[in-house]
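Secondary and tertiary structure notes
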Amino acid sequence: MAETTRDAAQDTPTGAAGETVIWKIRTALRATFYIWVPAIVLAVLLGLVGGPLAAVPIVLALVWTAWRWLTSYELTSERLIIRSGFLVRKREEVELFRVRDFSLSRPLHWLVLGLGTVGLTTRDQSAPNILIGPIAMPETRLDELRRATVARQNRVRFREVEVSSAGDETHGGDHGHGGGALPG
């Protein structure tokens, strides 16, 4: 399918020294199926009534499809690059070592089409939550993204430490054994 494409020059540097492209994908056009079916039905019904309004649902479906197709995602060994926009192109970059958490969503209407979305929670102030999709092979893309993130965090020696409060019983707090001081 044309929705996902793996870059032919996968191991060629893109930006910084040693940065390589892992994949380049676009939003899946199959996701517009649910726009096209009602648009065609509405166009036929409006065509039966007569008049130039029959073209409006088709034009709207074309604009929606173009807008979806213009969103692309590029995963490199150092960052995730998202390009989007119709009249104004936007480029968002998130350094992989800033990714905190991953999620996968496959609602029934996309599961039927073999699609899903990958969600990221990041430390990036301009993009704290990112949704990639709907895309084909979302589990594979999530695994590749997770591996690239862990590899990048290891290369920059980035570690995140979670700290719980002393009185929080669900995280090994005081438990009624004296004051709230942490053991020395």
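See the structure shown above.
The following paragraphs examine the structure supplied in this document. (Residues numbered from 1 in each chain as written. Predicted model: local features only at pLDDT ≥ 70, side-chain atom pairs only at ≥ 80, totals over all residues. Heavy atoms only, no water.)

Another aspect to go through is the sheet that holds strand S7 (residues 115-122). The antiparallel open sheet is built from three strands, whose spatial order is S6-S7-S8. Two strands close off the open sheet at either side, each with one partner strand: strand S6 (99-105) and strand S8 (129-136). The sheet shows a mean angle of 20 degrees between the axes of neighbouring strands, direction not considered. (Pairing = 2+ DSSP bridges. Helix = DSSP H or I, 4+ residues; strand = E, 2+ residues; numbered from the N terminus. Axes fitted to C-alpha atoms, helices over the stretch in contact; angles between N-to-C directions.)

Looking now at helix H1 (residues 33-49). Here H1 spans 25 Å end to end across 17 residues, near enough to the 24 Å set by a 1.5 Å rise per residue. Within two residues after H1, Gly-50 carries a phi angle of roughly 100 degrees, on the positive side. (Expected span 1.5 Å × (residues − 1).)

What follows deals with the pattern of salt bridges. One pass over the structure, following the stated rule, counts six salt bridges. Taking the shortest distance from any N to any O, the salt bridge between Glu-19 and Arg-79 comes out at 2.6 Å. Of this pair, Glu-19 sits in the loop between strand S1 (4-5) and strand S2 (21-26) while Arg-79 sits in strand S4 (residues 79-84), placing them 60 residues apart in sequence. Across the pair, Arg-79 and Glu-19 agree in class, each one buried. (Salt bridge = Lys/Arg side-chain N within 4 Å of Asp/Glu carboxyl O. Buried < 20%, exposed > 50% of the residue type's maximum accessible area, 1.4 Å probe, protein only.)

This part is about the pairing of S4. Alignment of strand S3 (residues 72-76) against S4, held across four bridges, turns out to be antiparallel. Following the sheet pairing, Leu-75 is matched in S4 by Leu-80. As paired strands, S4 and strand S5 (residues 90-95) are joined by six bridges and run antiparallel to one another. Counted as the bridge partner of Ile-81 is Glu-93 from S5. The loop that links S4 with its antiparallel partner S5 comprises five residues; one of these, Gly-85, has a positive phi angle of about 115 degrees.

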